Structure formats: structure tokens, C-alpha cells
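# Architecture at a glance
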Amino acid sequence: MIETYFDTIERTEQKKILTKNKLISNYEIMHKLLECYPQLALVLDSNRQIVSANNNALKFMSETNLSEVLGKRLGEAFYCIHSSEMKAGCGTSIFCTECGAGKALKETREKNLLMQYECRITSKKNNILNAFDLRVVTTPFQIGEENFIVVYIENIEAEKRKDSLERVFFHDILNTAGAIKSIVEILDDTQNKQEFESFVEMLKISSNQLLNEIIFQRMIINAEKNELVVNLNSYSINSILDSIYSLHSKHQKAEGKLFSVNYLSDDLLIETDKTILVRSLGNLVKNALEATNEGDKVNLYAELKNDFVDFVVWNKGVIPENVQLQIFQRSFSTKAKSGRGIGTYSVKLFVENYLKGKVYFISSEENQTSFIISLPLKRTTE
């Protein structure tokens, strides 16, 4: 049985954690250095367990007392969704191999050097998902015979959000606005009625894309602030599938691809927010179209499973394992400089926090790639 995919499994017993905490507390200069740091600062022992932390770290972890986190590892204290997947806890799951904090801690311990990595953490506390973009610096430290790791953590959410918005407004929105301007200029010189109507249709599509992009950004901001309003109504499942197909079958990303939809033979109603669901599914469809070669298929369909419906977006490609481990993390993108890193993250945020469903994917040589949004047909009273 595999006990760890990444770092060591050994843990320090709580009695020794308390002894190490007392050692740090009596080392006055270390206590002052922790509190002087303007963001998060912690001290871990050689088994990556917390033995001290400044007040900023406690506030970030929503704890009022250090005793609540003593002995925990970083992912456990931050409620990382992967911290409990393995019996040995944080640092031992397959997902930890791509964790910036995990890499920094492992390399500092093994090489006895200061390390720095960016780290994306998705946490789940009280059934609410939150995402953090962090810069983690780790450095070795010794008191007598005891080895420690000092961890400095900077919240770089604002920096990442700024980068994302700059890409949106300076790339996507600027390009769409430029296309609208060009179409308007062509319309002035168009005499042929058929051509004129064609350009008007293009203008409608481009202006809708522009508006949708702006609304999408506002939705994400409101969702992260827990201010997104959910409007529940009953909708035909086939009507939702049709909305997605109509929006994306003529999209530029669908050109040369075989995009199809399979409707339910016996349609049913689902109680949901159609706007949020259509945008979430649309994001998965766009990703599938981008990942699909010309002439290959992308299929959208729904499957009924007891009192739930699975909306499935399938394409022929297979996602590399290192990418699979980071999907749904905010700020992670496979598109290098052009990527915004909010696509699959926003889907998980909308569906799990607001539609009370689940989002997951399957990707293998045998089955290719399917992204699934699973929702209850009827919402229970909250």
C-alpha cells in the first residue's frame, strides 16, 4: 500500500510539539522576527508540523489561538482539499507533487537552503471553497540540536488578480472591441444587402462576446466575495443543452471541429440558476474546443443518475498528468502568457459554492477526456 507519493510520512507526537513550541517561545529574537513580518510567518519542525506562528498567520487561518494549529501541517491548517487524501496527511498525496509549498519545504529540508515557490491552494471549510495564491519562502533554522524551518508566506492574490484582469482587458476585450470597430467601418462601405446582413450578424456575435466577458468577470468577483446572487427556477435539461450548443456551435473556436450535442430522449426539469450553469458549461465547452484538433469531435450531453443529472463535455484529447493535478486551481493555466488561470477554477467556484453540485473530470487513453458537472434535479431547502 502506498503511504506517500511525495514527502515523508513521519509525524512528531503532540507532547514533543509542545516542547518545541516552548523552545521557540523562549527564543525571544525569533518571536520578535515572526511578529515583525507584515504577512504570514510560521515555524515548522523537521516533520513539517507547526510549532509557532505569528498573529497574521492565525488570522489567515481563522484561528484565535495558536494551540488550534500546533502539530498541523500547512495544508491541514489551511484546510487544503488534498490534505486528508492520504493517511499521513499533508505532503503525501499525488497532488502534493505539484504544490509550491510542498516543494519548498522538501527542498529546504533536503538541501538546507532557502527556497521560494509560488503556491496555489484550494481550501474547503464549512463546505465553502476558497482559493489562495501565495508566495512561499522557506529557510532552515537551528536552536541547539533542534532543526526547524521558518516559513514566510505572502498573499499574492491581488497581484494575480491584476495580471488576470490585464490579460482580459488588454487581450480579450481589446481584440473583441477592435473586431467590432472593424465591422462597423466595413458596414459604412457595404452596398450589397446580403453582405450587410452578414456583417450585422457578425457585429451581434462580437458585441455579445464583449458583454459576456465583462459580465463573467463581474460574476467571478462577486462569487469570491460571497455576493453572487443565485436565481433558482425550473428549466428543461434539453433547453440548457440547446442554449450551450447555440452559443458555441458558431463560435470561432468551433471552426473546423465537429461539435455535437445529444439531447435526452425523455426530457426532465432541473431546478437551478440557468445563467450560472450555462456560463459554467460554456467554459468547459470552450476549453474542449481549444484542446481539440481540426476535424476531431467535441460532444455535449446529459446523463440521468437517480435524482441527479450529469452534464458531460467530452473531447478526444488526454490531459498530461502534471496538468491534471493542477486543474481547478486558481491562476493555473496551460496557455502560458495568454492564459488567465480562472477557467476551470471559476466552474468549480460557481458549481460547488452556488449550485451545490460537483465538478470533476476523467482523462485517460482509454476514455479520452470528460468534464462533468453533476447537479441535483431539485435543490433541497438550505
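Look above for the structure.
What comes next is a walk through the structure. (Residues numbered from 1 in each chain as written. Predicted model: local features only at pLDDT ≥ 70, side-chain atom pairs only at ≥ 80, totals over all residues. Heavy atoms only, no water.)

### Points about the side chain of Asp45
Selection criterion: A run of H or I in DSSP counts as a helix once it spans at least four residues, and a run of E counts as a strand once it spans at least two, with each numbered from the N terminus. Accessible area is worked out with a 1.4 Å probe on protein chains only. A residue is then buried under 20% of its type maximum, exposed over 50%, and partly exposed in between. Two N or O atoms form a polar contact when they lie within 3.5 Å of each other; inside protein one atom must be a possible hydrogen donor and the other a possible acceptor, and for residues adjacent in sequence the pair counts only when both atoms belong to side chains. Here a residue-residue contact requires only that any non-hydrogen atoms of the pair lie within 4.5 Å.
In this structure, Asp45 sits in strand E1 (residues 40-45). The exposure class assigned to Asp45 is buried, which follows from its relative accessible area of 0%. Only 2.9 Å separates the side chain of Asp45 from the backbone nitrogen of Asn47, close enough to count as a polar contact. With residues near it in sequence (within four places) discarded, Asp45 still touches Thr12, Ile17, Lys20, Val51, Asn147 and Phe148.

### Remarks on the nonpolar core
What counts is decided by this rule: Take the buried Ala, Val, Leu, Ile, Met, Phe, Trp, Tyr and Cys residues and link them wherever side-chain atoms come within 4.5 Å; each set so joined is a nonpolar core.
Formed by 47 residues in total, the largest nonpolar core has its most connected members in Ile237, Leu281, Phe311, Ile373 and Leu375. Considering each element in turn, this core owes the most residues, eight residues, to helix H9 (residues 274-290). Ignoring any residue separated from it by four or fewer positions in sequence, one finds Ile373 in contact with Leu277, Ser280, Leu281, Leu284, Val309, Asp310, Phe311, Val347, Val351, Lys358 and Val359. Ile17, Ile24, Met30 and Ala57 belong to the second largest nonpolar core, which has 36 residues in total.

### A word on helix H1 (residues 14-26)
Because each turn of an α-helix spans 3.6 residues, side chains separated by three or four positions in sequence point in the same direction. Note the following rule: To estimate how far a helix should extend, the number of its residues minus one is multiplied by 1.5 Å. Here the arc refers to the set of directions running from the helix axis out to each C-beta atom.
With 13 residues, H1 extends 18 Å between its outermost C-alpha atoms, agreeing within 8% with the 18 Å of an ideal straight helix rising 1.5 Å per residue. Among the residues making up H1, those that are buried are Ile17, Lys20, Asn21 and Ile24. The buried residues of H1 all sit within an arc of 105° when viewed along its axis, so they share a single face. Counted as exposed and oriented over 90 degrees from the buried face of H1: Lys15, Thr19, Lys22 and Asn26. Tucked inside the fold, the buried residues of H1 contact helix H2 (28-36), E1, strand E2 (50-53), strand E4 (128-143) and strand E5 (146-155).

### Let's talk about a nonpolar patch on the surface
Put simply, the rule reads: What makes a patch is a set of residues exposed beyond 30% relative accessible area and free of salt bridges, joined within 9 Å when like-charged and within 5 Å when nonpolar (Val, Leu, Ile, Met, Phe, Trp, Tyr). For accessible areas, the Shrake-Rupley method is used with a probe of radius 1.4 Å. Any residue's cover is judged against the shown protein chains and nothing else. The salt bridge definition used is simple: a Lys or Arg side-chain nitrogen within 4 Å of an Asp or Glu carboxyl oxygen.
On the surface, a cluster of nonpolar side chains totalling about 270 Å² of accessible area is made up of Tyr27, Ile29 and Leu33. Its place among the elements puts Ile29 in helix H2. Accessibility expressed as a relative area gives 48% for Ile29, which makes it partly exposed.

### A short note on the environment of Asn231
Tracing the sequence through the fold places Asn231 in the loop between helix H7 (193-224) and strand E6 (233-236). On the accessibility criterion, Asn231 (47% relative accessible area) is partly exposed. Taking the C-alpha atoms as reference points, Asn231 and Leu325, separated by 94 residues in sequence, lie 33 Å from one another. Apart from the residues lying within four places of it in its own chain, the contact partners of Asn231 are Thr272 and Asp273.

### Brief notes about the packing of helix H8 (residues 237-248) against H9
To keep it simple, the criterion reads: Throughout, an axis means a line fitted to C-alpha atoms (over the contacting stretch in the case of helices), and angles, computed between N-to-C directions, take values from 0 to 180 degrees. Roughly parallel means an angle under 35 degrees; roughly antiparallel means over 145; roughly perpendicular covers 65 to 115; every other angle is labelled oblique. Working rule for handedness: look at the near helix, and if it is turned counterclockwise from the far one by less than a right angle, call the crossing left-handed; if clockwise, right-handed.
Where H8 contacts H9, the two axes come as close as 10 Å, and the packing angle between them is 50°. Between H8 and H9, the angle is such that the two are oblique. Crossing hand, H8 versus H9: right-handed. Packed against H8, whose contacting residues are Ser239, Ile240, Ser243, Ile244, Leu247 and His248, the element H9 presents Lys274, Leu277, Val278, Leu281, Gly282, Val285, Lys286 and Leu289 at the interface.

### Notes on the sheet that holds strand E11 (residues 358-364)
Quick reminder of the rule: Two strands qualify as a pair provided DSSP detects at least 2 bridges between them.
Across the sheet, five strands lie side by side as E7-E9-E10-E12-E11; this open sheet has mixed pairing. The sheet terminates laterally at strand E7 (258-262) and E11, the two strands that pair on one side only. When the angles between neighbouring strand axes are averaged without regard to direction, this sheet yields 15°. When strand E9 (residues 297-305) meets strand E10 (residues 308-315), the two strands line up antiparallel, connected through eight bridges. The residue bridging Leu300 from the neighbouring strand is Val313, located in E10. On the sheet, H9 packs against E7, E9, E10 and strand E12 (368-376) and is oriented at approximately 25° with respect to E10. Its contacts with the sheet put helix H11 (residues 343-353) on E11 and E12, and the angle it makes with E11 is roughly 140°.

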